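# Fold and contact review
As a plain string of letters, each chain reads:
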Amino acid sequence: MTVFLFVSLAVMLAASVPIFVALCGSVAATFVLFNDLDLVIILQRMFAGINKFSLMSIPLFVLAANLMGEGGISKRIINLANAFVGHIPGGLGMTAIVASLFFGAISGSSPATVVAIGALLYPALIEKGYSRSFAAGVITAAGSLGIIIPPSVNMIVYGTVTGASVGTLFMAGFGAGVIYALAFMAYTFFYAMRHPEIVREKKTTWRERAVAIKDSIWGMGVPIIILGGIYGGVFTPTEAAAVAAVYSIVVSLFVYRELDMKGFFDCVLKSAVTTIQVMILLAAASVFAWILTSEGITVAIANAVLSVSDQKFMILLLMNIVLLIAGMFLDGASITTIMGPLFLPIAQQAGIDIIHLGIVMVVNSAIGMFTPPFGLNLFVASSITKEPMLKVAKGALPFIFMSLIALMLITYVPEISLWLPRQIYGAW
């Protein structure tokens, strides 16, 4: 039965069947052939899978991200980042990375970060002497920071399918995000040093930096309010999403005034579509996770992996290999919902911290966002740069290598992710 379940899922995915159909379809086929169970159970488990309070935060965070992206916040973040790192060799490339770091703290979405930052910075990078391939690559790779820096939709999904604390995951994302961004910045610096034709920005004065901070302060208030409220005990992560959405509406419509009512309703519609896509995927994945658990498949897989090696080093290496391969074909939410229930019992038996596992999965998902052949950021960057996807992928290759170095550090030095949440929460 187990073999049939996974083979049928693989066949459907290879045939480009929608992921939620493949998940439910493989379970339904298994029911029909191996179990005498009513198929109505699939519908019941789908609704049970999304009947969770924490999932209410997803549509609200998505709405806040779309509002801030359309409401003028992205260009203010770029100006702020450029004011501090623009004068360094490779400064404008670093601006794309730092701006993505900041925007990720607002959007929680990788494709949204590519669009918001890339649409403005790609022409500027070309103008300053960067090659088209590099410019497309840095924008594509930097956008993946959107799902590592909290708030992150992927972290919310992981918390939902494994029971991990979303607030703790948010805190753990900071260390991993900084290491990941520094790896990209290091490559950008050395790339610029080898290409003297790249124009360096003029160093800004502290007065100009103060102006950039003042201009962007309203937008940067979003992550401050979200994280400050969560860790100050004012509201839960779910309630923080509602606060962020309301704050974003006020700032976009009445402070920056770059969003009219038509644009507002367009953001609401876009957010609804994104939410539906995520929710139906989670509903289907909950069915798949249920059959894995109820039939004892997760325990069997865990025992099989542990029979190969019970060493943390090898288990984490095997997990990373599986996740990296999956990331070449699936999006982060799909990977998390499918692999989370599989990896959790393995991690628990091997003594791997559940929060550390979550960050490793999120970072792998981030790398998958710009890994050929189906990395979503590659398609998004290709559309905004008007470059062939092959050229975008070529530019992203050095950043894939740097992200793998960052992944190894994050995987095998758990304190990178766990130090900050432990200072705040202690043991969990």
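As the structure is a computational prediction, the values presented were derived from the model and not from experiment.

Cut-off values and rules
- Residues numbered from 1 in each chain as written.
- Predicted model: local features only at pLDDT ≥ 70, side-chain atom pairs only at ≥ 80, totals over all residues.
- Heavy atoms only, no water.
- Helix = DSSP H or I, 4+ residues; strand = E, 2+ residues; numbered from the N terminus.
- Buried < 20%, exposed > 50% of the residue type's maximum accessible area, 1.4 Å probe, protein only.
- Contact = heavy atoms within 4.5 Å.
- Lys, Arg positive; Asp, Glu negative; His and termini not counted.
- Charge placed at Lys NZ, Arg CZ, Asp CG, Glu CD.
- Axes fitted to C-alpha atoms, helices over the stretch in contact; angles between N-to-C directions.
- Parallel < 35°, antiparallel > 145°, perpendicular 65-115°, else oblique.
- Nonpolar A, V, L, I, M, F, W, Y, C, P; charged D, E, K, R; others polar.
- Phe/Tyr/Trp six-rings, centres within 6.5 Å; stacked < 30°, edge-to-face > 60°.
- Lys NZ or Arg CZ within 6 Å of the ring centre and 35° of its normal.
- Core = buried A, V, L, I, M, F, W, Y, C linked by side-chain atoms within 4.5 Å.
- Salt bridge = Lys/Arg side-chain N within 4 Å of Asp/Glu carboxyl O.
- pLDDT = per-residue confidence, 0-100.
- Polar contact = N/O pair within 3.5 Å; in protein donor to acceptor, adjacent residues only side chain to side chain.
- Patch = residues over 30% accessible without salt bridge, like charges linked within 9 Å, V, L, I, M, F, W, Y side chains within 5 Å.
- Areas by Shrake-Rupley, 256 points an atom, 1.4 Å probe, with all protein chains shown as cover.

### Details of the overall build of the protein
For the protein, the count of helices and strands is 20 helices and zero strands. With respect to the principal axes defined by its C-alpha atoms, the protein has extents near 70 × 45 × 45 Å. The proportion of buried residues among the 428 residues of the protein is 55%. Across the protein, every contact between residues at least 6 apart in sequence was considered, and the portion connecting residues at least 24 apart equals 76%. Taken together, the 21 basic and 18 acidic charged side chains of the protein have centroids lying 12 Å from each other.

### Focus: the packing of helix H15 (residues 312–327) against helix H16 (residues 332–350)
Relative to each other, H15 and H16 sit at 175 degrees, their axes nearing to 11 Å. It follows from the interaxial angle that H15 and H16 lie roughly antiparallel. Contacts between H15 and H16 involve Lys312, Ile315, Met319, Val322, Leu323, Ala326 and Gly327 on the former and, on the latter, Ile335, Met339, Phe343, Ile346, Ala347 and Ala350. Classifying every residue of the contact of H15 with H16 by side-chain character gives eleven nonpolar, one polar and one charged.

### Notes on the packing of aromatic side chains
Within this structure, the stated rule accounts for 17 aromatic pairs. Between the aromatic rings of Tyr130 and Phe134, the centroid separation amounts to 5.5 Å while the plane-to-plane angle is 15 degrees, which identifies the pairing as stacked. Three or more aromatic residues link up through ring pairs in this structure, and these residues are Tyr130, Phe134, Tyr180, Phe184, Tyr187, Tyr191, Phe370 and Phe399. One residue, Arg76, lies across the ring of Tyr256, its end atom 3.8 Å from the ring centre. Just above the ring of Trp206 sits the side chain of Arg209; from NZ or CZ to the centre is 4.5 Å.

### Some remarks on the nonpolar core
Side chains that are nonpolar tend, in soluble globular proteins, to be buried together. Ile58, Tyr180, Phe343 and Val363 are the most contacted members of the largest nonpolar core, which totals 133 residues. Sorting elements by how many residues they give to this core places helix H10 (residues 166–193) first, with 13 residues. Not counting residues within four places of it along the chain, the set of residues in contact with Val363 comprises Ile148, Ala176, Tyr180, Leu407 and Ile410. Listed in part, the seven residues of the second largest apolar core include Leu67, Ala245, Phe264 and Cys267.

### Some remarks on the pattern of salt bridges
This structure, assessed with the given rule, holds six salt bridges. With a closest N to O distance of 3.1 Å, Arg76 and Glu258 form a salt bridge. Of this pair, Arg76 sits in helix H5 (residues 73–85) while Glu258 sits in the loop between helix H12 (237–255) and helix H13 (261–294), placing them 182 residues apart in sequence. For Lys391, the salt bridge goes to Glu387, with nearest N and O atoms at 3.7 Å.

### Notes on unusual backbone geometry
Negative phi values dominate among residues other than glycine, just as trans dominates among peptide bonds. Of note in this structure, Arg257 is not a glycine but carries a positive phi near 55 degrees. Summarising the element assignment, Arg257 is placed in the loop between H12 and H13. Taking relative accessible area as the criterion, Arg257 reaches 66% and is therefore assigned exposed. Positive phi values are uncommon outside glycine, yet Lys386 reaches one of about 65 degrees. Tracing the chain through its elements places Lys386 in the loop between helix H18 (376–385) and helix H19 (389–412). Of the residues examined, Lys386 reaches a relative accessible area of 70% and is grouped as exposed.

### Examining the confidence of the model for the protein
Note: predicted coordinates in regions of low pLDDT should not be interpreted at a detailed level. For the protein, per-residue confidence averages 85 on the pLDDT scale, and 97% of positions sit at 70 or higher. Confidence scores differ between elements of the protein, with helix H14 (residues 297–308) showing the lowest mean pLDDT of 67 and helix H17 (residues 354–368) the highest of 96.

### Concerning the environment of Gly143
On the secondary structure map, Gly143 appears in the loop between helix H8 (132–142) and helix H9 (153–162). Among residues more than four places away in sequence, those in contact with Gly143 are Ser100, Ser110, Thr113, Val114 and Asn377.

### Quick notes on the side chain of Ser417
Following the sequence through the fold, Ser417 ends up in helix H20 (residues 415–425). The residues contacting Ser417, other than those within four sequence positions of it, are Ala172, Ala176, Ile359 and Ile410.

### Focus: the side chain of Ser252
Within the secondary structure, Ser252 is located in helix H12. The class for Ser252 is buried, based on a relative accessible area of 1%. Among the polar contacts made by the side chain of Ser252, one reaches the main-chain carbonyl oxygen of Leu67 at a distance of 3.1 Å. Setting aside its immediate chain neighbours within four residues, Ser252 contacts Leu67, Met68, Gly71, Arg257, Glu258 and Leu259.

### Side note on a nonpolar patch on the surface
Among the surface-exposed residues, Val308, Phe313, Met314, Leu318, Ile321, Ile325, Phe329, Phe374, Leu376 and Phe379 lie close enough to one another that they form a single nonpolar patch of about 940 Å² accessible area. Broken down by secondary-structure element, the contributors of at least two residues to the nonpolar patch are H15 and H18. The dominant element in the nonpolar patch, judged by the number of residues it contributes, is H15, at five residues. With respect to the helices, strands and loops of the structure, Phe313 is situated in helix H15.

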